Amino acid sequence: MSNIRVCALFRPLNSKEICDHGDNVSISAVDSDSFLFKDEKEEEIEFHFDRVFYQGSEQANIYEFLALPIVTGAVNGVNGAIVTYGQTGAGKTYSMEGPSIMDCDENKKGLLPRVVDGLFSAIRLSGEMTKYTINLSMVEIYMERVRDLFDLSKDNLLIKESRAQGIFVCGATNICISDSAEALRSLSIGIANRAVGETQMNMASSRSHCVYIFTIQQELKKEKRSGKVILVDLAGSEKVEKTGAEGRVLEEAKTINKSLSALGNVINALTGSPQGRANHIPYRDSKLTRILQDAFGGNSQTALLCCCSPSSSNASESLSTLRFGARAKHIKALAHVSLTEDEDTKSPGALPVIKDESCERILEKLRQKMKAEDVELLEQLFVLEGIFFDPNSVEEVEAAYEDATSRTILSLQRRVEELIATVEELKEENKALKSWIRS
Ligand SMILES: Nc1ncnc2c1ncn2[C@@H]1O[C@H](COP(=O)(O)OP(=O)(O)OP(=O)(O)O)[C@@H](O)[C@H]1O
């Protein structure tokens with residue numbers, strides 16, 4: 001069973017599209033989960049998704065189908081991510097925020113305010129015995145730098161991993177929210193800060209990924225659980241580099257392309273894993289995939305909303321968005337509950353025992369396969385790279401080891417190149433000195 005939901009969304013035609021191309025659309029609906037798409041050569045391709053939201057769909061229906069299961073999961077300790085993908089102007093931010101995060105018509109409210117309401121109503125329904133704490137952080141990824149949207153002075157944050165928190169943005173402001181109104185106020189501050197940062201850097205919001213992280217901790221007697229919902233409004237997926245862009249715009253486009261490709265590669269690796277064998281998943285190839293690691297891996301539920309313009313004038317970009325979504329639909333992963341550190345190490349429950357056994361089994365296999373000094377090197381590299389993780393398989397350990405060693409080899413190669421250059425410079429200097437002495 002696949003625990004990723006992939007939906008396609010077609011926003012209404014806008015006035016420019018109508019003015020330039022009339023009401024020519026590239027899609028014709030078959031039913032609620034499939035449609036025919038006409039590409040630029042007028043060839044028809046049939047697409048199937050978990051659900052298709054055609055023009056005029058209700059925001060409430062998108063939330064209920066795509067996000068509600070993730071909200072319910074997060075309140076029960078299962079991580080989840082909701083990602084909007086598509087070209088600039090395709091409706092990603094509208095789907096996420098609605099026309100405005102505050103003061104918005106109830107029907108038009110986007111996923112974010114609905115997720116907030118959903119979290120608090122799930123908590124209300126769960127009874128008074130359980131104590132919940134919800135924290136919110138908001139970061140933006142621009143040119144592979146992670147910036148805190150609650151504190152713009154923190155503009156190059158690191159992504160780390162710990163047993164207790166899983167993947168987290170180190171040093172990001174975490175706001176404890178106690179009700180929907182407070183959450184919306186905080187979100188609107190983050191969104192306003194994003195606009196301030198854009199002006200400061202002369203950058204458009206469509207060129208950065210915006211990441212909203214809700215962490216939900218629950219405590220019942222001595223039992224603690226934690227789940228999180230990550231919402232990502234991705235940068236525009238359009239192929240800017242083909243338009244002859246140069247300078248910073250080209251650099252931005254390359255960086256966005258790289259991170260979206262990394263997202264695609266992670267999806268491919270998850271999709272292409274042969275049964276029963278853990279593939280190496282290249283989460284570390286971009287900040288985006290690293291932040292999403294525990295939302296795309298085993299412990300997660302994922303939702304991808306592929307936003308498209310219905311206009312035939314945008315057929316090429318819409319096709320690439322739909323292909324991305326179609327590929328993602330094959331992700332297979334098993335959701336399970338996150339236990340906090342206390343429970344992880346102290347509880348006599350089944351999971352920690354399984355983990356200990358599997359760790360011991362992995363170490364034993366490594367000892368058989370590798371020399372003692374290699375195992376030691378592996379440990380040192382993990383400390384150097386700040387890798388703390390719970391290996392689920394020998395393959396995972398080996399993949400991380402390969403990652404760390406290839407980066408070390410790369411940096412050693414660079415050092416050797418630098419030294420060769422220095423030797424060449426010294427030789428030249430030596431030659432010059434010798435001829436100066438002779439003359
Ligand atoms: N479902 C929708 N219903 C009505 N209008 C919409 C819808 N989706 C998008 N729009 C309108 O289309 C325009 C572009 O949408 P939006 O800003 O969400 O695009 P985007 O994909 O987030 O672009 P960017 O990458 O530039 O941030 C907005 O003016 C928005 O109001």
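Cut-offs applied
Residues numbered from 1 in each chain as written. Predicted model: local features only at pLDDT ≥ 70, side-chain atom pairs only at ≥ 80, totals over all residues. Heavy atoms only, no water. Core = buried A, V, L, I, M, F, W, Y, C linked by side-chain atoms within 4.5 Å. Buried < 20%, exposed > 50% of the residue type's maximum accessible area, 1.4 Å probe, protein only. Helix = DSSP H or I, 4+ residues; strand = E, 2+ residues; numbered from the N terminus. Expected span 1.5 Å × (residues − 1). Near = heavy atom within 4 Å. Polar contact = N/O pair within 3.5 Å; in protein donor to acceptor, adjacent residues only side chain to side chain. Areas by Shrake-Rupley, 256 points an atom, 1.4 Å probe, with all protein chains shown as cover. Pairing = 2+ DSSP bridges. Salt bridge = Lys/Arg side-chain N within 4 Å of Asp/Glu carboxyl O. UniProt positions renumbered as here; feature names shortened; annotations may be inferred. Contact = heavy atoms within 4.5 Å. Lys, Arg positive; Asp, Glu negative; His and termini not counted. Phe/Tyr/Trp six-rings, centres within 6.5 Å; stacked < 30°, edge-to-face > 60°. Lys NZ or Arg CZ within 6 Å of the ring centre and 35° of its normal.

- Labelled according to an unreviewed UniProt entry, the protein appears under the name Kinesin-like protein, originating from Abeliophyllum distichum.

So, the nonpolar core
The tendency in soluble globular proteins is for nonpolar side chains to be buried as a group.
In step 1: Counting 50 residues, the largest nonpolar core has Phe-10, Phe-35, Leu-292, Phe-296 and Leu-322 as the members making the most contacts within it.
In step 2: By residue number, the principal contributor to this core is helix α6 (residues 247-271), which donates seven residues.
In step 3: Ranked by size, the runner-up nonpolar core spans 42 residues in total, among them Leu-9, Ile-82, Ile-123 and Ala-183.

Describing helix α9 (residues 315-328)
In step 1: With 14 residues, α9 ought to run about 20 Å at 1.5 Å a step, and its terminal C-alpha atoms sit 20 Å apart, in line with that.
In step 2: Within α9 the residues assigned to the buried category are Ala-315, Glu-317, Ser-318, Leu-319, Thr-321, Leu-322, Phe-324, Gly-325 and Ala-328.

A word on the site of the ligand
In step 1: The environment of the ligand is made up of Arg-11, Pro-12, Gln-87, Thr-88, Gly-89, Ala-90, Gly-91, Lys-92, Thr-93, Tyr-94 and Ser-206.
In step 2: Gly-91 has a polar backbone atom sitting 3.0 Å from an oxygen atom of the ligand.
In step 3: Take Thr-93: an N or O atom from its side chain is 2.7 Å from an oxygen atom of the ligand.
In step 4: Look at the ligand: alone it shows 630 Å² of surface, and the protein chains cover 66% of it.

Remarks on the pairing of strand β9 (residues 158-162)
A regular strand carries its side chains on alternate faces of the sheet.
In step 1: Residue alternation in β9 divides its side chains into a buried set, Ile-159 and Glu-161, and an unburied set, Leu-158, Lys-160 and Ser-162.
In step 2: Strand direction decides the pairing type here: β9 and strand β10 (residues 166-170), joined by five bridges, are antiparallel. What sits directly across from Glu-161, in β10, is Ile-167.
In step 3: If you look at the hairpin formed by β9 and β10, you'll find three residues sitting between the two strands.

Side note on the pattern of salt bridges
In step 1: In total, this model carries 15 salt bridges according to the counting rule given.
In step 2: Ionic pairing is found between Glu-161 and Arg-290, a salt bridge with its closest N-O pair at 3.4 Å. In this pair, Glu-161 sits in strand β9 while Arg-290 sits in helix α7 (residues 287-291), placing the two residues 129 residues apart along the sequence. Residues Glu-161 and Arg-290 agree in their burial class; the two are buried.
In step 3: Notably, a salt bridge pairs Arg-207 with Glu-252, separated by 3.7 Å at the nearest N-O pair. With Arg-207 in the loop between α5 (180-201) and β12 (209-220) and Glu-252 in helix α6, this residue pair connects regions lying 45 residues apart in the sequence.
In step 4: Its relative accessible area of 6% is what places Glu-252 among the buried residues.
In step 5: Through salt bridges with shared partners, a single network forms among Glu-106, Lys-109 and Asp-117.

Let's talk about the UniProt feature "binding site: ATP" (unreviewed entry) in the protein
In step 1: Taking the UniProt record as the reference, the feature "binding site: ATP" (unreviewed entry) is found at Gly-86, Gln-87, Thr-88, Gly-89, Ala-90, Gly-91, Lys-92 and Thr-93.
In step 2: You can see Gly-89 is positioned in the loop between β6 (79-85) and α3 (92-97).
In step 3: Mapped onto the elements, Thr-93 comes out in helix α3.
In step 4: What makes Thr-93 partly exposed here is its relative accessible area of 33%.
In step 5: Once residues within four sequence positions are removed from consideration, Thr-93 is found in contact with Gly-98 and Asp-233.

Observations concerning the side chain of Arg-114
In step 1: Turning to its location among the elements, Arg-114 is positioned in helix α4 (residues 111-125).
In step 2: The charged side chain of Arg-114 is buried without a salt bridge, its nearest counter-charge being Glu-106 at 4.8 Å.
In step 3: Polar side-chain contacts of Arg-114 include one of 3.0 Å to the backbone oxygen of Glu-106.
In step 4: Setting aside chain neighbours within four positions, we find Arg-114 in contact with Gln-59, Ala-60, Tyr-63, Glu-106, Asn-107, Lys-108 and Lys-109.

Some words on the packing of aromatic side chains
In step 1: The full count for this structure, using the stated rule, is seven aromatic pairs.
In step 2: Their ring planes at 10 degrees and their centres at 6.1 Å tell us that Phe-35 and Phe-49 sit as a pair that is stacked. Here the residue Phe-35 occupies a position in strand β3 (residues 34-38), and Phe-49 occupies one in the loop between β4 (44-48) and β5 (51-53), the gap between them amounting to 14 residues.
In step 3: Given the relative accessible area of 4%, Phe-49 is considered buried.
In step 4: Arranged with centres 6.3 Å apart and planes meeting at 85 degrees, the rings of Phe-37 and Phe-47 form a pair that is edge-to-face. One end of the pair, Phe-37, is in strand β3; the other, Phe-47, is in strand β4, and 10 residues separate them in sequence. Per residue, the accessibility class of Phe-37 equals that of Phe-47, and both read buried.
In step 5: Taken together, the ring pairs connect Phe-10, Phe-35, Phe-37, Phe-47 and Phe-49 into an aromatic cluster.
In step 6: The ring centre of Phe-65 lies 4.2 Å from the NZ or CZ of Arg-5, which sits over that ring.

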